[in-house]
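Residues per chain, in single letters:
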Amino acid sequence: MRPSWDHYFLEIATLVASRSTCLRRSVGAVIIKDKRMLATGYNGAPSGLAHCEEVGCIREQRQVPSGERHELCRGLHAEQNAILQAALYGVPIAGATLYCTTHPCVVCAKMIINAGMKEVVIATSYPDELSAALLAEAGVTVRCLQCEAKRTAHASGK
C-alpha cells in the first residue's frame, strides 16, 4: 500500500534519525515544502567535533534529566541541524512543514517559529508544555500521527 505523504516524510525522518550520534535518543527531522524535501537533520555534535559516542555524554555524566538544561550537551537537535542546513545552503524554509520523530523542545520551537515554518508533524509526543504553548501561540500547527492513530483505534474499539 502506498504511504500517505505524512507517513512517507516521517519514514524519511526516521531514516535520518539513524545517523544520530546521541547516546540518549535518536531524532531525525525533515523540512518539506510543496511535497519537496528541503533539508534534513539529526541530533549530534557540530561538524568536525567529536561525537558523544566517542567522548561520552555530558548529560549522562551530570545526570541531567531529559527535557532540562538543553545547553549542557555537545549536540545540536535534529530540528536545529535541519534549519541550519537550510540556512547554510540558502534554502528558504518560511511556510514549510517540519517532520520530526518527536515533538520539538522549547529551544527548537522558538527556532521553528522564527524560521517562519507553519506546521510540525511528529511521530511521537514529548512532554514540553512551554514548547507546545509557544507553537500554538505562534499559530504553528502541530500534528502527532501516532496520537491520531491511537485516537482512531480507540474510537473504533480496536
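Structural data are supplied above this passage.
Only a predicted model underlies this, so the values are computations on that prediction, with no experimental measurement involved.

(A) Spatial organisation of unusual backbone geometry. Positive phi, normally seen in glycine, also occurs at Asp 34, with a value near 50°. Considering the arrangement of structural elements, one finds Asp 34 in the loop between strand 1 (28-33) and strand 2 (36-42). Phi at Arg 69 takes a positive value of approximately 50°, unusual for a residue other than glycine. Assignment of secondary structure puts Arg 69 in the loop between helix 3 (58-61) and helix 4 (78-88). Judged by its relative accessible area of 47%, Arg 69 is partly exposed.

(B) Here's a closer look at the layout of surface pockets. Of the pockets and cavities examined, the largest pocket occupies roughly 410 Å³. In terms of lining, the largest pocket is formed by 26 residues, of which the most central are Cys 22, Arg 25, Asn 43, Arg 59 and His 77. Looking at the lining of the largest pocket residue by residue, the class counts come to 12 nonpolar, 10 polar and four charged. Of the voids in this model, the second largest pocket is the one considered here, and its volume is about 290 Å³. Around the second largest pocket, the lining is made up of 15 residues, and of these Ala 45, Pro 46, Ser 47, Asn 81 and Gln 85 lie nearest the centre. Within the residue set of the lining of the second largest pocket, elements represented by two or more residues are strand 2 and helix 4. Taken together, the residues that form the lining of the second largest pocket break down as seven nonpolar, eight polar and no charged.

(C) Quick look at the pattern of salt bridges. For the structure shown, the criterion picks out four salt bridges. Between Asp 6 and Arg 143 there is a salt bridge, with its nearest N and O atoms 2.8 Å apart. With a gap of 137 residues between them, Asp 6 in helix 1 (residues 5-17) and Arg 143 in strand 5 (residues 141-144) connect regions that are remote in the sequence. For Asp 6, a relative accessible area of 16% translates into the label buried. The exposure class assigned to Arg 143 is partly exposed, which follows from its relative accessible area of 21%. The salt bridge involving Glu 71 is made with Arg 69; its shortest N-O contact spans 2.5 Å. Overlapping salt bridges, with partners in common, bring together Asp 6, Glu 119 and Arg 143 in one network.

(D) Up close: the sheet that holds strand 3 (residues 97-102). Taken in spatial order, the five strands line up as 2-1-3-4-5 in an open sheet, and their pairing is mixed. Since the sheet does not close on itself, it has two edges, and those belong to strand 2 and strand 5, each with one partner. This sheet shows a mean twist of 20° between the axes of neighbouring strands, independent of strand direction. In this structure, strand 4 (residues 119-124) lies alongside strand 5, joined through four bridges in parallel fashion.

Cut-offs and rules
Residues numbered from 1 in each chain as written. Predicted model: local features only at pLDDT ≥ 70, side-chain atom pairs only at ≥ 80, totals over all residues. Heavy atoms only, no water. Helix = DSSP H or I, 4+ residues; strand = E, 2+ residues; numbered from the N terminus. Buried < 20%, exposed > 50% of the residue type's maximum accessible area, 1.4 Å probe, protein only. 1 Å grid on protein atoms, 1.4 Å probe; cavity = no way out; pocket = protein on both sides within 12 Å on 5 of 7 lines; lining within 4 Å. Points joined across faces, edges and corners; volume = space filled by probe spheres on them. Nonpolar A, V, L, I, M, F, W, Y, C, P; charged D, E, K, R; others polar. Salt bridge = Lys/Arg side-chain N within 4 Å of Asp/Glu carboxyl O. Pairing = 2+ DSSP bridges. Axes fitted to C-alpha atoms, helices over the stretch in contact; angles between N-to-C directions.

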